[in-house]
Amino acid sequence: MTRAPRVGDYLELCKPRVVALIVFTAVVGMFLAVPSMPPWQALVFGTLGIWLAASSAAVINHVLDARIDAVMDRTRNRPLPTGHLGQRQAMVFALLLAVASMLVLVVLVNPLTAILTFLSLIGYAVIYTVYLKRATPQNIVIGGAAGAAPPVLGWTAVTNSVDPHALLLFLIIFVWTPPHFWALAIARKDEYAKVDIPMLPVTHGVAFTRQYILLYTILLVIVTLLPWITQMSGVFYLFGALALGAGFLYYAIALRFSERSDLPMKTFSYSITYLMALFSFLLIDHYLPAP
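Rules of the game
Residues numbered from 1 in each chain as written. Predicted model: local features only at pLDDT ≥ 70, side-chain atom pairs only at ≥ 80, totals over all residues. Heavy atoms only, no water. Helix = DSSP H or I, 4+ residues; strand = E, 2+ residues; numbered from the N terminus. Contact = heavy atoms within 4.5 Å. Core = buried A, V, L, I, M, F, W, Y, C linked by side-chain atoms within 4.5 Å. Buried < 20%, exposed > 50% of the residue type's maximum accessible area, 1.4 Å probe, protein only. Patch = residues over 30% accessible without salt bridge, like charges linked within 9 Å, V, L, I, M, F, W, Y side chains within 5 Å. Areas by Shrake-Rupley, 256 points an atom, 1.4 Å probe, with all protein chains shown as cover. Salt bridge = Lys/Arg side-chain N within 4 Å of Asp/Glu carboxyl O. Axes fitted to C-alpha atoms, helices over the stretch in contact; angles between N-to-C directions. Parallel < 35°, antiparallel > 145°, perpendicular 65-115°, else oblique. Left-handed = near helix turned anticlockwise from the far one by under 90°. Nonpolar A, V, L, I, M, F, W, Y, C, P; charged D, E, K, R; others polar. Phe/Tyr/Trp six-rings, centres within 6.5 Å; stacked < 30°, edge-to-face > 60°. Lys NZ or Arg CZ within 6 Å of the ring centre and 35° of its normal.

Asks: Sorry, what's going on with the environment of histidine 180 here?
Replies: Relative to the elements of secondary structure, histidine 180 occurs in helix H10 (residues 164-187). For the pair histidine 180 and proline 264, spaced 84 residues apart in the sequence, the C-alpha separation amounts to 9.6 Å. Apart from residues lying up to four places away in sequence, histidine 180 is in contact with Phe268, Ser271 and Ile272.

Right, here's the structure in full:
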């Protein structure tokens, strides 16, 4: 007998851990947008609106990927493959989240943030999930633009404008996304192959993907110097970015030259810690007294 849906089933559809990282980078963008403290309305309602939109995109992703989720070991216990929730229930939930997000952002934040958030939602939930993910091994590179948007959304929530420094934050996450996700794709290569998803390790092989992870990691370390070079951030951030980058390079080099089976997931896990710590350094540096 199929059990009734639970609150936890709906919460799982929202991918809370992934969304938490997304919202964190958006909140950092809010604080970096102003010299002191951001207005509380923009901080509270901007965070809420972005969180609702990211959750909606996650739910839509669950619905569109339900068929392949049922086949892959990593995802087969999600609420839709197990039948704990139906696709109609999930889509209604996603729609409610999306509408609530747009209402909050348009009425309580500003229309620019609402428009950019909506484009980001469509970019991830539809363009990436429906088309790019199944069309090209460069799916995560192109689709990474949607995932890199949150700091810009946070910035516009406070300033109602898109600043070049906000685009630097976008660029950091955009370059971070491929090595982050390709490490996971190596670990799950056989599962992606089984469901005909053309992730880079499936189409070009693991060795090729390892090489590209290293190249993108080198590029990432260079890109993370830009906030210091442009005087957006100071020496505290610079040393933090270099230390974190050295750690990422260590994993990328080890992954490139070692066949250890545990390295892809260790690299993937470190990449998450890396991004959280990098944005934490940006935030702390922002409020340190000028030398």
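Asks: How should the nonpolar core be read in this particular structure?
Replies: Note that soluble globular proteins tend to have their nonpolar side chains buried in a common cluster. Trp176, Tyr274 and Phe279 are the most contacted members of the largest nonpolar core, which totals 66 residues. Examining the composition of this core, we find that 13 residues originate from one element, H10, more than from any other. In contact with phenylalanine 279, other than residues within four places in its own chain, are Phe24, Thr25, Val28, Pro151, Leu169, Ile172 and Ile173. Listed in part, the 19 residues of the second largest apolar core include Ala53, Ile60, Ala98 and Leu121.

Asks: How do you make sense of a nonpolar patch on the surface when you look at a structure like this?
Replies: Together, Leu95, Val99, Leu103, Val106, Val107 and Leu108 give the surface a local cluster of nonpolar side chains, amounting to about 550 Å² of exposed area. Looking at the secondary structure, you find leucine 108 in helix H6 (residues 87-108).

Asks: I tried to follow the packing of helix H3 (residues 40-64) against helix H7 (residues 111-135) on my own but got confused; where do I start?
Replies: When two helices pack together, their arrangement is given by the angle between the helix axes and the distance between those axes. Here H3 crosses H7 at 20°, and the two axes come no closer than 9 Å. The orientation of H3 with respect to H7, classified from their angle, is roughly parallel. Where H3 crosses over H7, the handedness of that crossing is right-handed. Of the residues in H7, those touching H3 at Ile50, Ala53, Ser56, Ala57, Ile60, Asn61 and Leu64 are Thr117, Leu121, Tyr124, Ala125, Thr129, Val130 and Arg134. Residues that form the contact of H3 with H7 fall into these classes: 9 nonpolar, 4 polar and 1 charged.

Asks: Help me understand the packing of aromatic side chains, please; the structure alone is not making it clear to me.
Replies: For any pair of aromatic rings, geometry is given as the distance between the ring centres together with the angle between the planes. Under the definition given, this model contains 14 aromatic pairs. The interplanar angle of 45° and the centroid separation of 6.3 Å between the aromatic rings of tyrosine 270 and tyrosine 274 together place this pair among those described as tilted. On the criterion of helical spacing, the pair formed by tyrosine 270 and tyrosine 274 is a turn pair, its members being 4 residues apart in helix H16 (residues 263-286). For the pair formed by tyrosine 270 and tyrosine 274, the shared burial category is buried. Through a chain of ring-to-ring contacts, the aromatic side chains of Phe248, Tyr250, Tyr251, Tyr270 and Tyr274 assemble into a single cluster. Just above the ring of phenylalanine 257 sits the side chain of arginine 256; from NZ or CZ to the centre is 4.9 Å.

Fair warning: the whole summary comes from geometry, so function is off the table for now.
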